[in-house]
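Report on the structure
Spelled out, the chains give:
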Amino acid sequence: MKTHQETLSLATHQPIELIDITARIKERVAASGLREGLATLISPHTTAYVNLNEREPRLQEDMLRFLQDLAPREGDYGHNRVAVDGRDNAHAHLLGLFMSASATIPLAGGELVLGTWQSIFFIELDGPRPARQVHLHLIGEA
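Summary of the structure given here. (Residues numbered from 1 in each chain as written. Predicted model: local features only at pLDDT ≥ 70, side-chain atom pairs only at ≥ 80, totals over all residues. Heavy atoms only, no water.)

The subject of this paragraph is the sheet that holds strand E7 (residues 118-124). Reading across from one edge, E2-E7-E4 is the order of the 3 strands in this open sheet, with antiparallel pairing throughout. Both edges of this open sheet fall to strand E2 (17-20) and strand E4 (48-54), since each of them pairs with a single strand only. The sheet shows a mean angle of 35° between the axes of neighbouring strands, taken without regard to direction. In this structure, E2 lies alongside E7, joined through 4 bridges in antiparallel fashion. Each residue of the ladder has a partner; that of Asp-20, found in E7, is Phe-121. Taken strand by strand, helix H2 (residues 57-70) contacts E2, E4 and E7, and its axis lies near 140° from that of E4. (Pairing = 2+ DSSP bridges. Helix = DSSP H or I, 4+ residues; strand = E, 2+ residues; numbered from the N terminus. Axes fitted to C-alpha atoms, helices over the stretch in contact; angles between N-to-C directions. Contact = heavy atoms within 4.5 Å.)

Here it is in structure tokens:
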């Protein structure tokens, strides 16, 4: 059994942003030499998440609008009154209740096993941020 771990770094530019990281993950899987196994991605942040969904521009606009409407930034949230880091980001933490910080994707034949329409997204809920991370852990056989 072989393992490979690395951290991908990225910057975000919008308050809420969907960043397709599929190509970057596929490159890292190919470089690892693993053919069969699992790829696990995890966001170490409490206001940014990993998600599998469809990459289609109008759907992505719908997703952004949905998230903004679900927990508006300007809501009256207690966390914003006592935020330890000075960020009024309660809305981002609340949206995180409906997301997962990680995703595990099978590897077969050296490729990620994704559905036809699935892409891997890093979802920023409290941007912009100059430095965000996604940890990638691969385990399997070459």
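What follows continues from the structure just given.
Let us look at the side chain of Asp-126. Within the secondary structure, Asp-126 is located in the loop between E7 and strand E8 (132-141). On the basis of relative accessible area, Asp-126 is assigned to the buried category, the value being 0%. Sequence-distant contacts of Asp-126, defined by excluding residues within four places in its chain, comprise Pro-15, Thr-47, Arg-73, Arg-87, Asn-89, His-91, Ala-92 and Arg-132. (Buried < 20%, exposed > 50% of the residue type's maximum accessible area, 1.4 Å probe, protein only.)

Core analysis: the largest hydrophobic core is formed by 20 residues, its most contacted members being Ile-21, Ile-25, Leu-41, Leu-112, Ile-120, Phe-122 and Leu-136. Broken down by secondary-structure element, the contributors of at least two residues to this core are strand E1 (2-10), helix H1 (22-32), strand E3 (36-42), E4, strand E5 (102-108), E7 and E8. Every residue in contact with Leu-41, bar those within four places of it in the chain, is listed here: Ile-21, Ile-25, Val-50, Ala-101, Ser-102, Ala-103, Ile-105, Val-134, His-135 and Leu-136. (Core = buried A, V, L, I, M, F, W, Y, C linked by side-chain atoms within 4.5 Å.)

This brings us to unusual backbone geometry. The linkage connecting Gly-127 with the following residue, Pro-128, adopts the cis geometry, with an omega of -5°. Checked against the element boundaries, Pro-128 lands in the loop between E7 and E8.

Here we come to the pattern of salt bridges. In total, this model carries 10 salt bridges according to the counting rule given. Ionic pairing is found between Arg-58 and Glu-56, a salt bridge with its closest N-O pair at 3.1 Å. A salt bridge links Arg-73 to Asp-88; its shortest N-O distance comes to 3.3 Å. Within this pair, whereas Arg-73 is found in the loop between H2 and helix H3 (78-81), its partner Asp-88 is found in the loop between H3 and helix H4 (90-96), the two being separated by 15 residues in sequence. (Salt bridge = Lys/Arg side-chain N within 4 Å of Asp/Glu carboxyl O.)

So, about a nonpolar patch on the surface. On the surface, Phe-66, Leu-70, Leu-94, Leu-97 and Phe-98 cluster together to form a nonpolar patch covering roughly 560 Å² of accessible area. Of the residues examined, Leu-70 reaches a relative accessible area of 41% and is grouped as partly exposed. (Patch = residues over 30% accessible without salt bridge, like charges linked within 9 Å, V, L, I, M, F, W, Y side chains within 5 Å. Areas by Shrake-Rupley, 256 points an atom, 1.4 Å probe, with all protein chains shown as cover.)

Let us look at the pairing of E8. Burial along E8 is one-sided: Arg-132, Val-134, Leu-136, Leu-138 and Gly-140 are buried, while Gln-133, His-135, His-137, Ile-139 and Glu-141, pointing the other way, are not. Pairing of E1 with E8 involves 9 bridges; the strand directions are antiparallel. Residue pairing in the sheet places Leu-8 in a bridge with Val-134 of E8. As judged from the 7 bridges shared by E3 and E8, these two strands associate in the antiparallel manner.

Let us look at the sheet that holds E8. Strand order in the open sheet made by the 5 strands is E1-E8-E3-E5-E6, with antiparallel pairing throughout. In this open sheet, the two strands that pair with only one neighbour each are E1 and strand E6 (111-112). Taken strand by strand, H1 contacts E1, E3, E5, E6 and E8, and its axis lies near 150° from that of E1.

By the secondary structure assignment, Arg-132 is in strand E8. Overall, the relative accessible area of 3% leaves Arg-132 in the buried class. Within polar-contact distance, the side chain of Arg-132 engages the side chain of His-45 at 3.1 Å. Ignoring sequence-local partners within four residues, the contact set of Arg-132 consists of Leu-8, Ser-9, Leu-10, Thr-12, His-45, Thr-47, Ala-48, Phe-122, Glu-124 and Asp-126. (Polar contact = N/O pair within 3.5 Å; in protein donor to acceptor, adjacent residues only side chain to side chain.)

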